[in-house]
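Here is how the chains run, residue by residue.
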Amino acid sequence: MLGIAPLHIISTARSKANGRWSAFSRIQLISSLLIIALAVCGYVYKFYFRFQVKNLPFFNNLLYNLELLLEITNTPIGIVACQRKRHMYDHVLHRFAALHQEGDQADLRWLRTWFHRLFLVAAGTFLVMLVVDGCAWQNPVMSLASICSVHIPTMITALTVSQYWYAIMFILRQRRHMNRVLGSYSGGRYGTRRLVMLEALRRQHKELHELTLYVIDGYGKLLLNTTMLVAVVLNVELLELYQYFLHGVTSATIFWFIMYALIWLFLHLGLLLMILYPCHWVEYEVGLL
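Treat the numbers as computed from the prediction; the structure is a model and nothing was measured.

(A) How the structure looks around the overall build of the protein. In terms of helices and strands, the protein carries 9 helices and 0 strands. Starting at the N terminus and ending at the C terminus, the protein contains elements arranged as α-α-α-α-α-α-α-α-α. The buried share of the protein, reckoned over its 289 residues, is 41%. For the protein, contacts bridging at least 24 residues in sequence account for 83% of all contacts bridging at least 6.

Right, here's the structure in full:
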C-alpha cells in the first residue's frame, strides 16, 4: 500500500488470475499519490507555523525546512524508483534464488531473523515517536502534520533502505561463504576438481560483483538523499540539544522535545549504519580474494 514494492512482487498469483490485479494497482497508485499529497500539506502547515514563531533563529529555521524537504523528497523517490525498477526486483530475486541453492542455507535464516528484528525495532520506534511527538506538541493538528510530513516519509525511507540492506547483506553472506570455500582450496595441487571449483567460484564472484552494482544503482538516488538527510538531522538535533541543555529543562514540554531529538538522532544514525555497514564489509570481502 505504501508503494515501495512493485505490485507484482506483493500480489499473489491467485489475485492476478481472478482479475484483481488492476484493482490492486489502482489502489496502490491512489495511496501513493495520497501519501505524497499529505506530506506536502503537512510540510506547508509546519512551514507556516514556524514562520509565525517569533525569535526563531534563521539557521534553525533553515535546517528544519531542509530536513522536511529531504524527508518528503525521499517519498516520491522511493515510490517512483520501486515502481520503475520492476525489472530490478525480478532480476535480483531470480539471482538470489539461484545463489541460495548454491550457498549456505543458514545464511537465509540469519537474514530473515535480522530483517524481522529490524522491522520490529522500526515499528516500535515509529509508535514511540508518535507518542513523544504528541506529548511534545500537545497540538493535534501539528501532530497530524508531523505524521504526514515527517513520520510516514521516514517510515517509507526506512522500509526502502531495509530492502537495500537485505539485498547487500545477502550478497555479503554469499561472498563470505565463497571466501571460506576458496580458502579450503588454497595451497592444494591443481587437480581437475580444484580447477573446476575455482572456475565456478570465479563465475560466482563475477556474478556477485555485477549484482552488487545492480542493486546500488537501483537505490543510488535514495541512498544519496538519505545520507544528506542524516547529515542535516545530525546538525539539527545536536543544535537543538545544545540549546535545550544550555537553557535548561524548564518544562515537561522541553523534556519531551529532548526525548524526540534523541530518538530522531539515533533513528537516522541507524539508517546511515544500514547503508554503510554492508558496503564496507562487501568491499572488505572483495579485498580478501
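(B) Geometry of a nonpolar patch on the surface. On the surface, L234, L238, L262, F266 and L269 cluster together into a nonpolar patch covering about 430 Å² of accessible area. Of all the elements in the fold, those that place two or more residues in the nonpolar patch are α8 (192-247) and α9 (252-287). At 3 residues, the largest contribution of residues to the nonpolar patch is made by α9. Residue placement: L234 occurs in helix α8.

(C) Representation of unusual backbone geometry within the structure. Within the chain, Q138 stands out as a residue other than glycine whose phi angle is a positive 50°. With respect to the secondary-structure elements, Q138 resides in the loop between α6 (105-137) and α7 (140-185). Owing to a relative accessible area of 59%, Q138 belongs among the exposed residues under this scheme.

(D) Examining the packing of helix α4 (residues 58-84) against α8 more closely. Contact geometry of α4 with α8 gives a least axis separation of 9 Å together with a crossing angle of 150°. Considered as vectors, α4 and α8 are oriented roughly antiparallel to each other. The hand of the α4/α8 crossing is left-handed. Looking at the contact of α4 with α8 residue by residue, the class counts come to 13 nonpolar, 8 polar and 5 charged.

(E) A look at the packing of aromatic side chains. Summed over the entire model, instances satisfying the criterion amount to 11 aromatic pairs. Seen in terms of ring centroids, Y43 and F47 are 6.1 Å apart; in terms of plane orientation they differ by 35°. Their pairing is tilted. Residue Y43 and its partner F47 are both found in helix α3 (residues 21-52); the two are separated by 4 residues, about one turn of the helix. With a relative accessible area of 16%, Y43 lands in the buried category. A relative accessible area of 40% places F47 in the partly exposed class. Each ring, one from W281 and one from Y284, has its centre 5.1 Å from the other, and the planes form 80°; the classification is edge-to-face. One end of the pair is W281 and the other is Y284, both in helix α9 and 3 residues apart, which spans about a single turn. Assessed through its relative accessible area of 27%, W281 is described here as partly exposed. Among the aromatic residues, those joined into a cluster by ring pairs are F49, W137, Y244 and F257. Over the ring of Y64 we find R50, and its NZ or CZ is 4.3 Å from the ring centre. Taking NZ or CZ as reference, R117 lies 4.9 Å from the ring centre of W114, over its face.

(F) The confidence of the model for the protein, seen in detail. Per-residue confidence for the protein gives a mean pLDDT of 82, with 85% of residues at or over 70. At the low end of the mean pLDDT range in the protein sits helix α2 (residues 13-17), at 46; at the high end sits α9, at 90. Of the regions scoring below 50 in pLDDT, residues 10-18 engages in 9 contacts with residues more than four places distant in sequence or in other chains.

(G) The nonpolar core, seen in detail. By size, the foremost hydrophobic cluster in this structure holds 29 residues, and its most contacted members are F96, Y164, I171, V215 and Y219. For this core, the element with the highest residue contribution is α7, accounting for 11 residues. Look past the residues within four positions of Y164 in its chain and what remains in contact with it is V215, I216, Y219, L223, M274, I275 and C279. One finds L70, I72, V150 and V236 within the second-largest nonpolar core, a separate group that totals 17 residues.

(H) Geometry of the pattern of salt bridges. One pass over the full model with this rule turns up 2 salt bridges. With a closest N to O distance of 3.4 Å, E285 and R176 form a salt bridge. Here E285 is found in helix α9, whereas its partner R176 is found in helix α7, with 109 residues between them in sequence. The exposure class assigned to E285 is buried, which follows from its relative accessible area of 8%. Exposure remark for R176: the relative accessible area of 22% places this residue in the partly exposed category.

Rules behind the numbers
Residues numbered from 1 in each chain as written. Predicted model: local features only at pLDDT ≥ 70, side-chain atom pairs only at ≥ 80, totals over all residues. Heavy atoms only, no water. Helix = DSSP H or I, 4+ residues; strand = E, 2+ residues; numbered from the N terminus. Buried < 20%, exposed > 50% of the residue type's maximum accessible area, 1.4 Å probe, protein only. Contact = heavy atoms within 4.5 Å. Patch = residues over 30% accessible without salt bridge, like charges linked within 9 Å, V, L, I, M, F, W, Y side chains within 5 Å. Areas by Shrake-Rupley, 256 points an atom, 1.4 Å probe, with all protein chains shown as cover. Salt bridge = Lys/Arg side-chain N within 4 Å of Asp/Glu carboxyl O. Axes fitted to C-alpha atoms, helices over the stretch in contact; angles between N-to-C directions. Parallel < 35°, antiparallel > 145°, perpendicular 65-115°, else oblique. Left-handed = near helix turned anticlockwise from the far one by under 90°. Nonpolar A, V, L, I, M, F, W, Y, C, P; charged D, E, K, R; others polar. Phe/Tyr/Trp six-rings, centres within 6.5 Å; stacked < 30°, edge-to-face > 60°. Lys NZ or Arg CZ within 6 Å of the ring centre and 35° of its normal. pLDDT = per-residue confidence, 0-100. Core = buried A, V, L, I, M, F, W, Y, C linked by side-chain atoms within 4.5 Å.

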